[in-house]
Amino acid sequence: VFDVLVVGGGPAGNSAAIYAARKGIHTGMVVETYGGQVMDTVGIENMIGTPYTEGPKLMAQVEAHVNQYKVDIMKGQRAKNIRKNDLIEVELENGAVLRAKTAILAVGAHWRNVNVPGEEEFRTKGVTNCPHCDGPLFAGKDVAVIGGGNSGIEAAIDLAGLAKQVYVLEFLPELKADQVLQDRIQALANVTVIKNAATKAITGREQVEAITYMDRATNEEHTIALEGVFVQIGLVPNTAWLKDSGVALNERGEIIIDSHGATSLEGVFAAGDCTTSAYKQIIISMGAGATAALGAFDHLIRQ
Ligand code: FAD
């Protein structure tokens, strides 16, 4: 029986495991793909105290750090259910059931793709999802943001301060973002909103050079020359398996947590991109993992 069983091996899960293990309690980790989203990241410039690193390098250092403690890491294992009896039971795809006094869910999220030619090919070569991470790479250049919801419009406002010209491509006839954000971009001279735009392809040679979209009102295709494409059509938490578990999710599928990282299921905590945390970043997930581990430890000593 684990004192703390962490599900997930990204920044949040590893931070939770280190904080738990440092309390001298029996800590386990169940991880589908070790390293999480960070493994897909080339340059990281916002890990405070580390001006530049790369995803695989950062996660190798994190793994070396975890391995300094006694943590049972079960890699290549996917959790498919969680329930509470006397103990918390985490059921894996392979049929095994792990038992723990507390659990920390740190299963992360994935970006929704537009699924057009060029999107995968040019990932890290001009196609990205994160304005906070990659915006500065496009200073003085022309970029597009795909998606006119809150995250898309926030990205456009953010990028307008750096890029030369920002095109927002919204599939629907109207933007879905809050009115205050829409008012803000109206006032920005270097942002052009294109509605009814169905993205067709992202093209280039070594790097992104253009985006092609179809005007859904006229069925005409248009191509814009640019160097960056920010896909902002939603972050999907990896929580579908929790739907009937008693761990409450919000309407976006995010695990609802309190200020101690506690979920609605007693003894179950959560951290990182899979939660209602307002912002989704490495450093924020690491902080949240630490909070959840300390929350779980507090819970244990009160049992
Ligand atoms: P994740 O990193 O998503 O990790 C989730 C973990 O849970 C993985 O190990 C996964 O395999 C595992 N898992 C999922 N489901 C299950 C299951 N059912 N059972 C077992 N394990 C499971 N942030 C920055 O701060 N700076 C950047 O420069 C930056 N660049 C980015 C670039 C890209 C391309 C992407 C995609 C994201 C970037 N981000 C960046 C965001 C950052 O990567 C995330 O905020 C961070 O990784 C979230 O950490 P996490 O631990 O919550 O989740």
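Everything here concerns the structure above.
None of these values were measured; they are calculated from a predicted model.

A few points about the site of the ligand
In the vicinity of the ligand lie 38 residues, with Gly-8, Gly-10, Gly-36, Gly-108 and Gly-272 positioned nearest. Looking at the shell around the ligand, the elements with two or more residues in it are helix H1 (11-21), strand E2 (27-31), strand E9 (109-111) and helix H6 (282-301). Residues that form the shell around the ligand fall into these classes: 18 nonpolar, 15 polar and five charged.

Points about the sheet that holds strand E17 (residues 228-231)
A sheet is described by the order of its strands in space; here five strands give the open sequence E10-E17-E11-E12-E13, paired in parallel fashion. Where the open sheet ends on each side, the last strands, each with one partner, are strand E10 (127-128) and strand E13 (191-194). For strand E11 (residues 142-146) and strand E12 (residues 165-169), the ladder comprises five bridges, and the chain directions are parallel. Counted as the bridge partner of Val-145 is Val-168 from E12.

Side note on H6
The terminal C-alpha atoms of H6, which comprises 20 residues, lie 29 Å apart, in line with the 28 Å expected from a rise of 1.5 Å per residue. By the burial criterion, the buried members of H6 are Ile-282, Ser-285, Met-286, Ala-288, Gly-289, Thr-291, Ala-292, Ala-293, Gly-295 and Ala-296. Buried residues belonging to H6 abut strand E1 (2-7), H1, strand E3 (43-44), strand E8 (97-105) and strand E19 (268-270).

Quick notes on the packing of helix H4 (residues 150-160) against helix H5 (residues 179-186)
Between two packed helices, what matters for the description is the angle formed by their axes and the separation of those axes. It is at 10 Å that the axes of H4 and H5 come closest, and there the two elements cross at 30 degrees. Classified by the angle their axes make, H4 and H5 are roughly parallel. Considering how the two elements wind past one another, H4 and H5 form a crossing that is left-handed. On H5, the residues touching Asn-150, Ile-153, Glu-154, Ala-156 and Ile-157 of H4 are Leu-181, Gln-182, Arg-184 and Ile-185. Split by residue class, the contact of H4 with H5 holds five nonpolar, two polar and two charged.

Re the nonpolar core
In terms of nonpolar packing, the biggest core is built from 50 residues, with Ala-16, Ile-104 and Ala-106 touching the most fellow members. Broken down by element, this core gets its largest block of residues, seven residues, from H1. Beyond its immediate chain neighbours, meaning those up to four positions away, Ala-16 contacts Val-6, Ile-104, Ala-106, Ala-271, Gly-289, Ala-292 and Ala-293. In this structure, Val-127, Ile-153, Ala-177 and Ile-202 belong to the second largest nonpolar core, which totals 32 residues.

About the criteria used
- Residues numbered from 1 in each chain as written.
- Predicted model: local features only at pLDDT ≥ 70, side-chain atom pairs only at ≥ 80, totals over all residues.
- Near = placed C-beta within 6 Å.
- Helix = DSSP H or I, 4+ residues; strand = E, 2+ residues; numbered from the N terminus.
- Nonpolar A, V, L, I, M, F, W, Y, C, P; charged D, E, K, R; others polar.
- Pairing = 2+ DSSP bridges.
- Expected span 1.5 Å × (residues − 1).
- Buried ≥ 20, exposed ≤ 12 C-beta atoms within 10 Å, placed from the backbone.
- Contact = placed C-beta atoms within 7 Å.
- Axes fitted to C-alpha atoms, helices over the stretch in contact; angles between N-to-C directions.
- Parallel < 35°, antiparallel > 145°, perpendicular 65-115°, else oblique.
- Left-handed = near helix turned anticlockwise from the far one by under 90°.
- Core = buried A, V, L, I, M, F, W, Y, C linked by C-beta atoms within 7 Å.

By themselves, these figures tell us nothing about what the structure is for.
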